[in-house]
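Chain residues, written in single-letter form:
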Amino acid sequence: MSQPRTGTPGDVEEIHWPSLVAAISSISAVGIAIGLGLPLLSIILEKRGISSTLIGLNTAMAGVAAMAAAPITTKLAHKYGVAPTMIWAVLISALSALGFYYAQDFWMWFPLRFAFHGATTTLFILSEFWINAASPPSKRGFVLGIYATVLSLGFAAGPLLFSILGSDGIFPFLIGAGAILLAAIPIFIARNESPVLEEKPELHFMRYVFLVPTATAAVFIFGAVEAGGLSLFPIFAVRAHFTESQAALLLTMMGVGNVIFQIPLGLLSDRIGDKRPLLAGMALMGFIGSMMLPLLVDNWLLMAGLLLFWGGCVSGLYTVGLSHLGSRLTGSDLAAANAAFVFCYAMGTVAGPQAIGAAIDVAGNNGFAWAIAAFFGLYALLSGIRLMFIRKRA
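Residues numbered from 1 in each chain as written. Predicted model: local features only at pLDDT ≥ 70, side-chain atom pairs only at ≥ 80, totals over all residues. Heavy atoms only, no water.

Asks: Help me understand the side chain of Thr 319, please; the structure alone is not making it clear to me.
Replies: As for its placement among the helices and strands, Thr 319 is situated in helix 12 (residues 300-328). When its relative accessible area of 5% is taken as the criterion, Thr 319 is described as buried. Setting aside anything within four residues of it in sequence, one finds Thr 319 in contact with Leu 144, Gly 145, Ala 148 and Gln 262. (Helix = DSSP H or I, 4+ residues; strand = E, 2+ residues; numbered from the N terminus. Buried < 20%, exposed > 50% of the residue type's maximum accessible area, 1.4 Å probe, protein only. Contact = heavy atoms within 4.5 Å.)

Asks: Looking at this structure, how should I read helix 9 (residues 213-239)?
Replies: In an α-helix, one turn spans 3.6 residues, which is why side chains three or four residues apart end up on the same side. Compared with an ideal rise of 1.5 Å per residue, which puts 27 residues at 39 Å, helix 9 spans 37 Å between its outermost C-alpha atoms and is within 8% of the ideal. At Leu 232, helix 9 is deflected by roughly 45 degrees, the largest bend along its length, and proline Pro 234 occurs up to four residues later in sequence. His 241 sits one or two positions beyond helix 9 and adopts a positive phi of about 80 degrees. (Expected span 1.5 Å × (residues − 1). Bend = angle between axes of the 7 residues up to and from the residue.)

Asks: Help me understand the domain arrangement of the protein in this model?
Replies: Quoted interface sizes are often the accessible area lost when the parts come together. Examined at the domain level, the protein breaks down into domain 1 (15-200) and domain 2 (202-393). For domain 1 and domain 2, the distance between their C-alpha centroids amounts to 19 Å. Between domain 1 and domain 2, the residue contacts involve 48 residues of the former and 50 residues of the latter. There are 1 salt bridge connecting domain 1 and domain 2. Connecting domain 1 to domain 2 are 3 residue pairs in polar contact (both at pLDDT 80 or more). Elements supplying a minimum of two residues to the side of domain 1 that touches domain 2: helix 1 (17-47), helix 2 (52-80), helix 4 (109-133) and helix 5 (140-165). The greatest single-element share of the side of domain 1 that touches domain 2, amounting to 16 residues, is contributed by helix 5. Broken down by class, the residue content of the side of domain 1 that touches domain 2 amounts to 25 nonpolar, 16 polar and 7 charged. (Domains from an automatic or database assignment. Salt bridge = Lys/Arg side-chain N within 4 Å of Asp/Glu carboxyl O. Polar contact = N/O pair within 3.5 Å; in protein donor to acceptor, adjacent residues only side chain to side chain. Nonpolar A, V, L, I, M, F, W, Y, C, P; charged D, E, K, R; others polar.)

Asks: Would you mind showing me how to read the side chain of Ser 315 here?
Replies: Its location among the elements puts Ser 315 in helix 12. We classify Ser 315 as buried; its relative accessible area is 7%. A distance of 2.5 Å separates the side chain of Ser 315 from the side chain of Gln 262, its partner in a polar contact. Beyond its immediate chain neighbours, meaning those up to four positions away, Ser 315 contacts Phe 222, Asn 258 and Gln 262.

This is the structure in structure tokens:
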């Protein structure tokens with residue numbers, strides 16, 4: 001029996017699996033392309049002699065594009081529908097992914113990054129809204145854990161593909177563009193199941209950024225570490241005398257950790273009324289793990305074990321943060337807040353590559369780990385202070 005289409009996510013009593021399969025499988029195909037593309041593009045630019053700072057600047061265009069796309073995504077979905085907007089985003093991202101191979105001048109990679117990540121941002125926002133529409137509130141963390149697990153499989157498959165395909169020739173780009181195009185299939189099949197945005201949100205877009213600050217700050221930190229880490233970790237690893245293949249496999253281990261941890265973290269968040277201590281704890285784990293990176297550069301196995309555990313804890317910032325957001329809002333307010341959530345993630349993806357790339361140039365290879373530790377430490381400190389203040393006031 002089909003679930004009636006609705007503008008109020010989270011008002012269902014049972015999980016609506018057809019919608020979940022469509023939304024999750026489509027965004028996971030995009031995850032494969034992003035997981036393949038970020039290390040692929042960074043290694044190509046490194047081979048061309050581009051500095052870490054400029055590589056970080058180019059990667060940061062992803063965040064600029066996402067910040068531009070986030071406020072208009074819900075407007076496009078209101079006007080054209082969720083599924084048609086997603087299909088157009090699939091086409092734009094696939095064409096721009098293939099365009100990187102033909103763009104030989106470095107400056108051309110900036111508009112390509114903008115087009116690719118603007119389109120994928122639209123896919124993420126509308127997929128997550130679709131998932132919320134198919135999820136009962138009592139099981140939201142569990143459903144988001146499934147979403148994050150499958151998406152993590154996509155991100156883990158990307159670096160694994162990179163370790164097999166390498167960075168030469170057009171074939172890696174064809175694989176990435178093809179994976180994205182596959183995302184259109186489940187969206188088209190389930191197009192009549194997609195939710196409808198019937199009413200407009202009550203607040204201005206920017207108000208949603210500050211409505212749930214613990215969640216939006218968490219996803220800002222996660223965006224900074226994910227974008228900066230995925231794009232610049234291959235450089236850190238190669239300079240630490242790992243091979244390209246070993247570096248890609250280390251990223252894969254991080255992705256495996258994401259897969260293992262997401263459903264347990266989602267289930268845990270469903271059992272916790274106040275999710276803020278859990279978010280602070282995961283940030284503390286991120287700080288400790290990043291500080292250990294320079295100590296393990298001589299041992300691939302220990303590095304892989306650290307990234308397996310560390311990557312799983314860190315990625316929970318997104319899953320638990322999104323669950324915290326969903327526990328506070330419903331309807332089009334939740335759709336707009338999810339766009340604001342992705343907007344903050346995008347701000348992180350601008351700050352992260354720039355800060356981490358500059359740290360490598362200034363402090364040497366260990367600057368990679370120190371910059372990531374600074375992001376996590378700042379969030380853990382500020383969120384801890386805020387929790388103490390809230391409890392004293394209560």
